Amino acid sequence: MSGGYAVDVALDTPHLLSGWVPVAPVSITSALLAQYQALSLPVLAVYGERDASFRKQVEEYLGAVPGVTMVMIPGASHPCYLENPDMWHHSLLTFLASLDEVNFS
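Reading guide: rules and limits
- Each residue is numbered by its place in its chain's sequence as written, counting from 1.
- The model is predicted, so local features are restricted to residues of pLDDT at least 70 and side-chain atom pairs to those at 80 or more, both for listing and for counting; the totals for chains, interfaces and linings are taken over all residues.
- By convention in this description, side-chain values take in all heavy atoms of the structure and omit both hydrogens and water.
- Each helix is a run of DSSP H or I of at least 4 residues and each strand a run of E of at least 2, with the numbering of both proceeding from the N terminus.
- As a reference, a globule follows 2.2 Å times the number of residues to the power 0.38, and the radius of gyration itself is taken over C-alpha atoms.
- In this scheme, a residue with accessible area under 20% of its type's maximum is buried, one over 50% is exposed, and one in between is partly exposed, where area comes from a 1.4 Å probe on protein chains only.
- In what follows, residue pairs with any heavy atoms lying within 4.5 Å of each other are defined as contacts.
- The Shrake-Rupley method, run with a 1.4 Å probe sphere, supplies the accessible areas, and residue values consider only the shown protein chains as cover.
- Throughout, nonpolar core names a set of buried Ala, Val, Leu, Ile, Met, Phe, Trp, Tyr and Cys residues whose side chains join them through atoms within 4.5 Å.
- A score between 0 and 100, pLDDT records how confident the predictor is in each residue.
- Here the rule is simple: two strands pair whenever DSSP picks up at least two bridges between them.
- Throughout, right-handed denotes a crossover for which the path from the first strand over the helix to the second runs clockwise when the strands point away from the viewer.
- A helix is expected to span 1.5 Å multiplied by its residue count minus one.

A few words on the overall build of the protein. Within the protein, the regular secondary structure consists of 5 helices and 2 strands. Counted from the first residue to the last, the protein has its helices and strands arranged as α-α-β-α-β-α-α. Taking 13 Å as the expected radius of gyration for a compact globule of 105 residues, we find that the protein reaches 13 Å, a close match to that expectation. Expressed along its principal axes, the backbone C-alpha trace of the protein runs to roughly 35 × 30 × 20 Å. Considering the protein as a whole, with its 105 residues, one finds that 35% of them fall into the buried category. Looking at the protein alone, contacts between residues at least 24 apart form 62% of all its contacts between residues at least 6 apart. Carbon and sulfur atoms make up 58% of the accessible area of the protein, which totals about 6000 Å².

Structure below.
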(Lines give C-alpha, C1' and ligand atoms only; values in the text may rest on other atoms or scores of the structure.)
Protein backbone atom coordinates (compact mmCIF):
# COMPACT_ATOMS: atom_id res chain seq x y z
CA MET A 1 0.00 0.00 0.00
CA SER A 2 2.77 2.46 0.84
CA GLY A 3 4.25 1.90 -2.62
CA GLY A 4 1.51 4.11 -4.06
CA TYR A 5 2.79 7.03 -2.00
CA ALA A 6 6.49 6.31 -2.14
CA VAL A 7 6.55 5.89 -5.92
CA ASP A 8 5.17 9.40 -6.42
CA VAL A 9 7.65 10.94 -3.99
CA ALA A 10 10.64 9.10 -5.46
CA LEU A 11 9.73 9.83 -9.08
CA ASP A 12 8.42 13.39 -8.66
CA THR A 13 10.89 14.78 -6.09
CA PRO A 14 14.08 12.70 -6.14
CA HIS A 15 16.09 15.82 -5.26
CA LEU A 16 14.54 15.66 -1.77
CA LEU A 17 15.80 12.13 -1.15
CA SER A 18 19.21 10.60 -0.51
CA GLY A 19 17.98 7.16 -1.56
CA TRP A 20 14.90 4.98 -1.80
CA VAL A 21 14.34 1.55 -0.27
CA PRO A 22 11.14 -0.03 -1.62
CA VAL A 23 10.53 -3.33 0.20
CA ALA A 24 8.02 -5.67 -1.42
CA PRO A 25 6.40 -2.57 -2.92
CA VAL A 26 2.79 -2.39 -4.02
CA SER A 27 1.54 -0.04 -6.78
CA ILE A 28 4.86 0.38 -8.56
CA THR A 29 3.14 -0.23 -11.90
CA SER A 30 1.24 3.04 -11.48
CA ALA A 31 4.24 4.77 -13.07
CA LEU A 32 5.61 4.25 -16.55
CA LEU A 33 8.65 2.06 -17.07
CA ALA A 34 10.38 5.05 -18.70
CA GLN A 35 10.03 7.00 -15.43
CA TYR A 36 11.99 4.33 -13.60
CA GLN A 37 14.59 4.23 -16.38
CA ALA A 38 15.09 8.00 -15.96
CA LEU A 39 15.36 7.96 -12.14
CA SER A 40 18.68 9.25 -10.86
CA LEU A 41 18.41 8.18 -7.26
CA PRO A 42 20.14 5.35 -5.40
CA VAL A 43 17.61 2.53 -4.98
CA LEU A 44 17.69 -0.65 -2.91
CA ALA A 45 14.81 -2.87 -4.03
CA VAL A 46 14.09 -5.76 -1.65
CA TYR A 47 11.63 -8.56 -2.31
CA GLY A 48 10.98 -12.18 -1.44
CA GLU A 49 11.70 -15.08 -3.76
CA ARG A 50 8.21 -16.50 -3.13
CA ASP A 51 6.34 -13.18 -3.39
CA ALA A 52 4.38 -14.34 -6.42
CA SER A 53 2.21 -11.21 -6.50
CA PHE A 54 4.99 -8.65 -6.81
CA ARG A 55 8.29 -10.35 -7.70
CA LYS A 56 7.88 -9.93 -11.46
CA GLN A 57 6.83 -6.28 -11.09
CA VAL A 58 9.81 -5.49 -8.87
CA GLU A 59 12.22 -7.14 -11.29
CA GLU A 60 10.72 -5.39 -14.33
CA TYR A 61 10.03 -1.89 -13.01
CA LEU A 62 12.58 -1.33 -10.27
CA GLY A 63 15.11 -3.39 -12.18
CA ALA A 64 14.96 -0.66 -14.84
CA VAL A 65 16.38 1.99 -12.48
CA PRO A 66 19.99 2.72 -13.45
CA GLY A 67 22.37 1.36 -10.81
CA VAL A 68 19.63 -0.23 -8.70
CA THR A 69 20.68 -2.71 -6.04
CA MET A 70 18.28 -5.65 -6.18
CA VAL A 71 18.04 -7.98 -3.18
CA MET A 72 15.89 -11.08 -3.44
CA ILE A 73 15.57 -12.80 -0.09
CA PRO A 74 15.65 -16.55 -0.76
CA GLY A 75 12.61 -18.53 0.34
CA ALA A 76 10.81 -15.41 1.60
CA SER A 77 7.29 -14.31 0.70
CA HIS A 78 5.80 -10.81 0.79
CA PRO A 79 6.96 -9.73 4.27
CA CYS A 80 10.50 -10.72 3.30
CA TYR A 81 12.20 -8.57 5.96
CA LEU A 82 10.40 -10.59 8.66
CA GLU A 83 11.44 -13.94 7.23
CA ASN A 84 15.16 -13.21 7.06
CA PRO A 85 15.88 -10.18 9.25
CA ASP A 86 19.64 -10.74 9.18
CA MET A 87 19.80 -10.48 5.40
CA TRP A 88 17.40 -7.52 5.42
CA HIS A 89 19.42 -5.60 8.00
CA HIS A 90 22.73 -6.36 6.31
CA SER A 91 21.37 -5.20 2.92
CA LEU A 92 19.85 -2.04 4.38
CA LEU A 93 22.90 -1.03 6.39
CA THR A 94 25.23 -1.69 3.45
CA PHE A 95 23.02 0.44 1.19
CA LEU A 96 22.79 3.29 3.70
CA ALA A 97 26.57 3.28 4.17
CA SER A 98 27.00 3.59 0.39
CA LEU A 99 25.04 6.84 0.13
CA ASP A 100 27.10 9.96 -0.49
CA GLU A 101 25.03 12.10 1.82
CA VAL A 102 21.88 11.96 3.85
CA ASN A 103 19.26 14.64 3.28
CA PHE A 104 17.42 15.55 6.48
CA SER A 105 15.90 18.77 5.17
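With that settled, consider the nonpolar core. Among the nonpolar cores identified, the biggest contains 17 residues, and Val-7, Trp-20, Ile-28, Tyr-36, Leu-39 and Leu-62 are the most heavily contacted of them. Those elements giving two or more residues to this core turn out to be α1 (3-12), β1 (44-48) and α3 (55-61). Of the residues forming this core, the biggest block, 3 residues, is contributed by α1. Ignoring any residue separated from it by four or fewer positions in sequence, one finds Leu-62 in contact with Trp-20, Pro-22, Pro-25, Ile-28, Tyr-36, Ala-45, Gln-57, Val-68 and Met-70.

Here the focus is the environment of Thr-69. Here Thr-69 is to be found in strand β2 (residues 69-73). For Thr-69, a relative accessible area of 36% corresponds to the partly exposed category. Taking the C-alpha atoms as reference, Thr-69 lies 9.6 Å from Val-21; in sequence the two are 48 residues apart. The contacts of Thr-69, once residues within four sequence positions are left out, are Val-43, Leu-44 and Ala-45.

Residues at a pLDDT of 70 or more form 92% of the protein, whose mean pLDDT is 88. Mean pLDDT per element in the protein: α1 is the minimum at 84, and β2 is the maximum at 95.

Okay, the pairing of β1 next. Where burial is concerned, most of β1 is hidden: 5 out of the 5 residues are buried. Alternating positions in β1 separate into two faces, Leu-44, Val-46 and Gly-48 on one and Ala-45 and Tyr-47 on the other, with burial throughout. Judged from the 5 bridges that link them, β1 and β2 form a sheet pairing that is parallel. Residue pairing across strands places Val-46 opposite Val-71, the latter belonging to β2. Traced from β1 through α3 to β2, the parallel crossover comes out right-handed.

Turning our eyes to something else, we now look at helix α5 (residues 85-98). Helix length check: α5, at 14 residues, gives a terminal C-alpha distance of 20 Å against a target of 20 Å (1.5 Å per residue), a fit within 8%. As for α5, its buried residues are in contact with β1, β2 and α4 (80-83).

On to unusual backbone geometry, then. Phi at Ala-24 takes a positive value of approximately 45°, unusual for a residue other than glycine. Relative to the assigned elements, Ala-24 resides in the loop between α1 and α2 (33-37).

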